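# Descriptive analysis of the structure
Given next are the chains, with one letter for each unit.
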Amino acid sequence: QKEVEQNSGPLSVPEGAIASLNCTYSDRGSQSFFWYRQYSGKSPELIMFIYSNGDKEDGRFTAQLNKASQYVSLLIRDSQPSDSATYLCAVNWGGNTPLVFGKGTRLSVIA
Amino acid sequence: SAVISQKPSRDICQRGTSLTIQCQVDSQVTMMFWYRQQPGQSLTLIATANQGSEATYESGFVIDKFPISRPNLTFSTLTVSNMSPEDSSIYLCSFGLQPPTQYFGPGTRLTVL
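Just so we're clear, the structure is a prediction, and the values are computed from it rather than from any experiment.

Attention shifts here to the pairing of strand S5 (residues 45-50) of chain A. Residues and elements named next belong to chain A. With five of six residues buried, S5 lies mostly within the body of the structure. The pairing of strand S4 (residues 32-38) with S5 spans five bridges and is antiparallel. When the sheet's bridge partners are listed, arginine 37 is paired in S5 with glutamate 45. Hairpin geometry of S4 and S5 is characterised by an intervening segment of six residues between the two adjacent antiparallel strands and by a positive phi of about 80 degrees at glycine 41.

Structural data, given as structure tokens:
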């Protein structure tokens, strides 16, 4: 069974702080890892993807991957109230294979 | 990235009827996927649709209930047949691009009474 686990939250952080979102996955064959942001009533929006161990930075967002620990995380620096959303972790098996999603973590950034 | 659209954006349907959802991409893509998101839940894959071949369904989803067409590389439809209230969900199509990643359409919010 291919599973992706996330803490459902809510995770509350003050404005300007670092939000840390975590995700674990069960299948060691997983190749690609994705973070999506979903606002209420909207479809998921791709934030970042990562394939290799280590860190990948894009603006205020940093994705971290540790394949040995089967762990992927997303850091959001200088969190803003507009970052308040559900963050979905997803994995696939490389190429354009389907995604398996976690249940999502709800983030609330308090002004 | 390519632009993906879905129609209708939302609908309210009666039990026992069927609804066909259309998904259009503005560039040619090989793989398209249909997902369902039930209220308060995450996304679950329904099926993978490749042009020129029958869709591949995930466990728990069957062709008679969710027939899919993929007539060309820019278009796909998903039909939700013989609907019941349990089919009330958001239905999302997605496609893959290089580097391998996936983008989602805006979704179709279906309510079955």
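Text resumes after the structure shown.
Let us now look at the packing of aromatic side chains. By the definition in use, this model includes 13 aromatic pairs over all chains. Considering the side-chain rings of A:Tyr36 and A:Phe101, the 5.7 Å spacing of their centres and the 50 degrees angle between planes classify their relative orientation as tilted. Within this pair, whereas A:Tyr36 is found in strand S4, its partner A:Phe101 is found in strand S10 (residues 100-101), the two being separated by 65 residues in sequence. A:Phe101 shares its class with A:Tyr36; the two are buried. Judged by centre distance (5.4 Å) and plane angle (80 degrees), the ring pair of A:Tyr36 and B:Phe104 falls under edge-to-face. With one member in each of two chains, A:Tyr36 in strand S4 and B:Phe104 in strand S10 (residues 101-104) form a pair that bridges those chains. Using a relative accessible area of 8% as the deciding quantity, one classes B:Phe104 as buried. Put simply, the rings of A:Phe34, A:Tyr36, A:Phe49, A:Tyr51, A:Phe101, B:Phe33, B:Tyr35 and B:Phe104 pair up and form one aromatic cluster. Taking NZ or CZ as reference, A:Lys56 lies 3.8 Å from the ring centre of A:Phe49, over its face. One Lys or Arg, A:Arg60, reaches over the ring of A:Phe61 and ends 5.5 Å from the middle of that ring.

Mapped onto the secondary structure, B:Ser42 falls in the loop between strand S4 (31-37) and strand S5 (43-50). A polar contact of 2.4 Å, which involves the side chain of B:Ser42, links it to the backbone oxygen of A:Gly102. Those residues in contact with B:Ser42 that sit more than four places away from it in its chain are A:Leu88, A:Phe101, A:Gly102, A:Lys103, B:Arg36 and B:Gln37.

Our focus in this paragraph is the interface of chain B and chain A. Counting from both sides, the interface comprises 22 residues of chain B and, opposite them, 19 residues of chain A. Counting each side, the surface lost to burial between chain B and chain A is near 1,600 Å², with a carbon and sulfur contribution of 56%. For the pair chain B and chain A, the number of links is zero salt bridges. Applying the counting rule to chain B against chain A returns six residue pairs in polar contact (both at pLDDT 80 or more). Of all the secondary structure elements, the ones that give two or more residues to the side of chain B that touches chain A are S4, S5, strand S9 (89-97) and S10 of chain B. Classifying every residue of the side of chain B that touches chain A gives twelve nonpolar, nine polar and one charged.

What counts, and at which threshold
- Residues numbered from 1 in each chain as written.
- Chains lettered and ligands numbered in written order.
- Predicted model: local features only at pLDDT ≥ 70, side-chain atom pairs only at ≥ 80, totals over all residues.
- Heavy atoms only, no water.
- Buried < 20%, exposed > 50% of the residue type's maximum accessible area, 1.4 Å probe, protein only.
- Helix = DSSP H or I, 4+ residues; strand = E, 2+ residues; numbered from the N terminus.
- Pairing = 2+ DSSP bridges.
- Phe/Tyr/Trp six-rings, centres within 6.5 Å; stacked < 30°, edge-to-face > 60°.
- Lys NZ or Arg CZ within 6 Å of the ring centre and 35° of its normal.
- Polar contact = N/O pair within 3.5 Å; in protein donor to acceptor, adjacent residues only side chain to side chain.
- Contact = heavy atoms within 4.5 Å.
- Buried area = accessible area lost by both parts, 1.4 Å probe.
- Salt bridge = Lys/Arg side-chain N within 4 Å of Asp/Glu carboxyl O.
- Nonpolar A, V, L, I, M, F, W, Y, C, P; charged D, E, K, R; others polar.

Honestly, it's all geometry; don't read function into it.
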